[in-house]
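In case you want the letters, here they are:
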Amino acid sequence: MPPAPSAARRHISTRLRLLLRILLPVIGLLCCRPAPAQTSTDIAALHRVFANPPDSSRIMMRWWWFGPAATKPEITRELEQMKAGGIGGVEVASLYALGLDDPSTGFRNTPFLSDEHIDTLRFAAQEARRLGLRMDVTLGSGWPFGGPHIPVTQAAGKLRVERYAIAAGETSALAPFVDAGEAMISAYLLPASISADDIAHAQPLPPPASGRYTFPAAAQPRALVCFISSRTGMNVKRPSVGAAGFVLDHYDPAATANHLHAVGDRLLSAFGDQPPYAVFSDSLEDYGSDWSPALLSEFQRRRGYDLRPHLLALVADAGPDTAAIRHDWGRTLTEMADDGFLKPLHAWAEQHHTLFRSQTYGFPPVSLSSNRFADLPEGEGKATFQMWREFSDTRWAASAGHLFHHPVVSSETWTWLHSPAFRATPLDMKAEADLHFLQGINQLIGHGWPYSPPSAPEPGWRMYAAAAFDAHNPWYFAMPDLTRYLQRVSFALRQGEPANDVALLLPTDDVWASFKAGYHQRSSPTSPGGFDQTGSNVTVDEQMGKVLGKQVIAQILDAGFNVDFIDADTIDSIGIPYRVLILPDVDRLPVATYEKIVAFARKGGIVIATRRMPATAPGLLNAAEDSARVNELSQTLFHGAIPSAHFIQDETQLGANLAQYAAPDMTLSPRTPQIGFIHRKVAGGNLYFVANTSNEEKHVQAQFRDSAHHAETWDAFSGEVSGLPDATHIALDLAPYESRLIYFSDAAMTAAPQPAAQESVRMDLSRQWKVTFGETGLSEDQDHLASWSDDAKTQFYSGVATYRKSFNLQHAAQPHGARLLLDFGPGIAESLPSPSAPHTMRAYIVPPVREAAEVYLNGKRAGVVWRPPYRLDVTAYVHDGENDLRIVVGNTAINSLAGQPLPDYRLLRDRYGLLFIPQDMENLHPLPSGILGPVTLVQSVAAR
């Protein structure tokens, strides 16, 4: 029933309010539509907003509530710590218990959705509003969605395929057992060595009589293949107390409705008439779900033919039609997931006056176009330092945001960063965050912040397989410096419109055609042993990386372009809003889509096919006629008279040819693949984010296609803006993992050319320090700087230490343009692992400060040091005579973890089952900590 008029008005008002939170700070300030030339007043306003961007662009944290066992005082404390650290909001995610109920201490896990849990969630929402923090909530516990309210009849579906060996001479066989939630579909008797011809002529057996199939004897062994509409049996991963149960059937709208009523409505009751900013659906990890009871009828309705006679094609080669049948099955699964899960979730969020944030990838096989149902698309990092140069779910989500006009696109960031928990540093965080920015992300969701009770031993609770970024990190005093940088970059990358030139057509139809159902090979119907289980591969995004390979995206980036993904369904609905469309080894393409591509090329759009030209129409019906049309279009496009269409058989030559067909957006001399960029068009100008993703300094000359008469750099750490002397050729001298924002506008600031600076060591400060270790009472004199881990008294110390010394400086006042720099040294680059190695995301540099230092000179805070080039400008803080230097250094929590017995969780597992295994926590060793030296005072003077 549609909402009453008053409810409808409330809904519109709420949606508008949420949208204005994103856009209001810059409405009228920046716009992508044609506008008069920007004035100095406009630029000044832009600079002011950049220096102090809106809170809506702050990073967020996934806040894990273990148990849930959250208490109100600790909720307040942790939210206030986040606020102080520059974190702008939380997503509450309830997970497994980490402690046992203990009446002697009062510790207690409150069951998920209990009155206590809802009351605690209500309090958290009130505190978040008080502090001005955004609050999202995950619509479930653990992942994927499901729980005790999901009966087996609504559990995740699976096509159960059983293959039994039938010996020569046998005339009957037991039918497989069919359990609750299952239904027999059909069975086939085939030769033991199944050929495509056997499958083409196979006929289903009559239904079993008294539990047995009967058939004539044969002299050769045979195989009985049975198809059963079944369930995966998958339970929710990492559930809270009271939340365990089956994962729901993502193809079944009734299962989704049940979950939204039982869980969603209950969770939102905690928010009253002030709903959360967004509700969240985590990555769809419904592994092996390739069926649903309604699939046969839905397939008939959507594809126009009966799938039953073709079921064998899902598990074996059925001849020339195999790929077409599998394609139609895969497409039907995608459509059913859209209609049965994503669409109802989006509608429910609208009805409850909140936004739908969704990680729309994984199992079931949702497509790029499925993201049209998300208000806030979200990606996830691949945990490798090459993620930005390969297919990734991060670029998948960013592309969807660009295509469907979602101004904010988020990513689950730092998921596998520098394992184990508490090992990641601020530099690690920046290094990965920049890779997300380069792919088009402008909202970071940190993974994550573990709620931890005061009773937990330091460094507190942690999630089994993720980084921990809470205030238990000794380096947390550096968090505001890092988050301010991330906030400014996120804000900048929300301005105007994305300006990626190239669209890469995802071969989704080819991926659907590659799907295959899993099966069990059994020796007999009653013997569970001796079978080989082959899993189902029905996932679009995980198969996509295999289909695309590792070079096509890197070729585009290295040619000086950035790239979005697009798929056929999106082209059908919105067209091709790019300069260049690349078809990477695409075989199957719908005729209607291909005709739009040809029309795009006729109007001057550049189309490039690599490895092969499209030759096959997807799907079984009208395959011959449609495929003939596809081939005709290929001939017209690539062998006709359309000059903007090109075929490149050797994909390694794509980059070189692309740069000839279109003007690169950024050109570097020398060519430096480790430097990436992303471009935004704003009114009166163009904004580029450029990042050195490597652990080495890079010195290049950069030319940008969409420049202007003037250019300026925006410092995302300080908020300061500086003019550049030359907008045509820009010298980029980038420290390891350094990034820049460069803005081109005729009204931008200007600057006179500056001579290169000459540096000289003014004073060596490496000796005679007084070091005090937090509140331990331990204090020592260090004549030479050394790691804490080298000393038996401090090797297992995690915390802060204060270094103090005084030095006498004469002639502290500097001439115009000269600076005094406190320099800790450059750091040492480490060897990089193989790009294909899993979970390799971190910064590969040994820093001279482990891991962050806060510098005070003469009682004034001069700044923090945690990133290359590991130096601070202290010109304004020194004076003639005696100067007092105090440096507070924080390391990681790994040292303390290495020196204490770690929990074995034996009783916890006896109580709740094996829900998690801590990763990479074995064989911990103390890490180098403190200032490793040398420390010098460097004078920098502009050369004459």
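Structure shown above.
Read on for a plain summary of the structure. Computed from a predicted model, the values in this text were never measured in an experiment.

1. Here we look at the packing of aromatic side chains
Summed over all chains, the structure comprises 31 aromatic pairs. For the pair Phe391 and Trp396, a centre-to-centre distance of 6.0 Å together with 80° between the ring planes defines the contact as edge-to-face. With respect to class, Phe391 is no different from Trp396; both count as buried. Geometrically, the ring pair formed by Phe391 and Phe565 is stacked, given 5.2 Å between the ring centres and 20° between the ring planes. Of the two residues, Phe391 is situated in the loop between strand E15 (376–380) and helix H9 (393–403) and Phe565 in strand E22 (residues 563–566); the sequence distance between them amounts to 174 residues. Each of the two residues, Phe391 as well as Phe565, counts as buried. Pairwise contacts between aromatic rings join Phe66, Tyr96, Phe107, Tyr451, Trp461, Tyr464, Tyr905 and Phe916 into one cluster. Directly above the aromatic system of Phe717 lies the positively charged group of Arg867, at a separation of 3.4 Å from the ring centroid.

2. A closer look at the packing of helix H3 (residues 72–84) against helix H4 (residues 115–131)
Two elements in contact, H3 and H4, have axes whose closest approach is 10 Å; the angle formed by their N-to-C orientations is 30°. For the element pair H3 / H4, the angle class is roughly parallel. The two elements H3 and H4 meet at a crossing, and its hand is right-handed. In contact with Lys72, Ile75, Thr76, Leu79, Glu80 and Lys83 of H3, H4 contributes Asp119, Thr120, Phe123, Ala124, Glu127, Ala128, Arg130 and Leu131. The class makeup of the residues in the contact of H3 with H4 is six nonpolar, two polar and six charged.

3. What to know about the sheet that holds strand E47 (residues 936–942)
Neighbouring strands of a sheet are bound in pairs by backbone hydrogen bonds; such pairs are parallel or else antiparallel. Taken together, the four strands give an open sheet; going across it, the order is E34-E47-E38-E44, and neighbouring strands pair in antiparallel fashion. Each edge of the open sheet carries a strand with a single partner, namely strand E34 (757–764) and strand E44 (871–873). Neighbour-to-neighbour, the strand axes of the sheet open up by a mean angle of 30°, direction not taken into account.

4. Things to note about unusual backbone geometry
For the bond from Gly67 to Pro68, the omega torsion is 0°, close enough to zero to count as cis. Along the chain, Pro68 falls in the loop between strand E1 (60–66) and H3. Cis rather than trans, the peptide bond between Phe363 and Pro364 has omega equal to 0°. Mapping Pro364 onto the fold places it in the loop between strand E14 (362–363) and E15. One non-glycine residue, Arg238, lies in positive phi territory at about 55°. Within the element layout of this structure, Arg238 appears in the loop between strand E9 (222–231) and strand E10 (246–247). The phi dihedral of Arg611 falls on the positive side, at around 70°, and the residue is not glycine.

5. Considering the pairing of strand E11 (residues 278–281)
The two faces of E11 match: Ala278 and Phe280 on one face and Val279 and Ser281 on the other face are all buried. As defined by bridge partners, strand E3 (residues 134–141) adjoins E11 across three bridges and the pair is classed as parallel. When the bridges of E11 are listed, Asp136 appears paired with Ala278. By the bridge criterion, four bridges tie E11 to strand E13 (residues 355–358) in an arrangement that is parallel. Note on E13: the bridge partner recorded for Ala278 is Leu355.

6. Some remarks on helix H11 (residues 479–492)
Along an α-helix, residues three or four apart share an orientation, since each turn contains 3.6 residues. An ideal rise of 1.5 Å per residue puts 20 Å on 14 residues; H11 measures up with 20 Å between its terminal C-alpha atoms. Of all 14 residues in H11, 11 are buried, a share of seventy percent or more. Those residues of H11 that fall on the buried side of the exposure criterion are Met479, Leu482, Thr483, Tyr485, Leu486, Gln487, Arg488, Val489, Ser490, Phe491 and Ala492.

7. Concerning the sheet that holds strand E26 (residues 666–669)
Here we have three strands laid out as an open sheet, ordered E26-E29-E32, and antiparallel in their pairing. This sheet does not close on itself; its edge strands, each paired only once, are E26 and strand E32 (730–734). With direction set aside, neighbouring strand axes in the sheet form an average angle of 35°.

Here is what the cut-offs are and how they apply
- Residues numbered from 1 in each chain as written.
- Predicted model: local features only at pLDDT ≥ 70, side-chain atom pairs only at ≥ 80, totals over all residues.
- Heavy atoms only, no water.
- Phe/Tyr/Trp six-rings, centres within 6.5 Å; stacked < 30°, edge-to-face > 60°.
- Buried < 20%, exposed > 50% of the residue type's maximum accessible area, 1.4 Å probe, protein only.
- Helix = DSSP H or I, 4+ residues; strand = E, 2+ residues; numbered from the N terminus.
- Lys NZ or Arg CZ within 6 Å of the ring centre and 35° of its normal.
- Axes fitted to C-alpha atoms, helices over the stretch in contact; angles between N-to-C directions.
- Parallel < 35°, antiparallel > 145°, perpendicular 65-115°, else oblique.
- Left-handed = near helix turned anticlockwise from the far one by under 90°.
- Contact = heavy atoms within 4.5 Å.
- Nonpolar A, V, L, I, M, F, W, Y, C, P; charged D, E, K, R; others polar.
- Pairing = 2+ DSSP bridges.
- Expected span 1.5 Å × (residues − 1).

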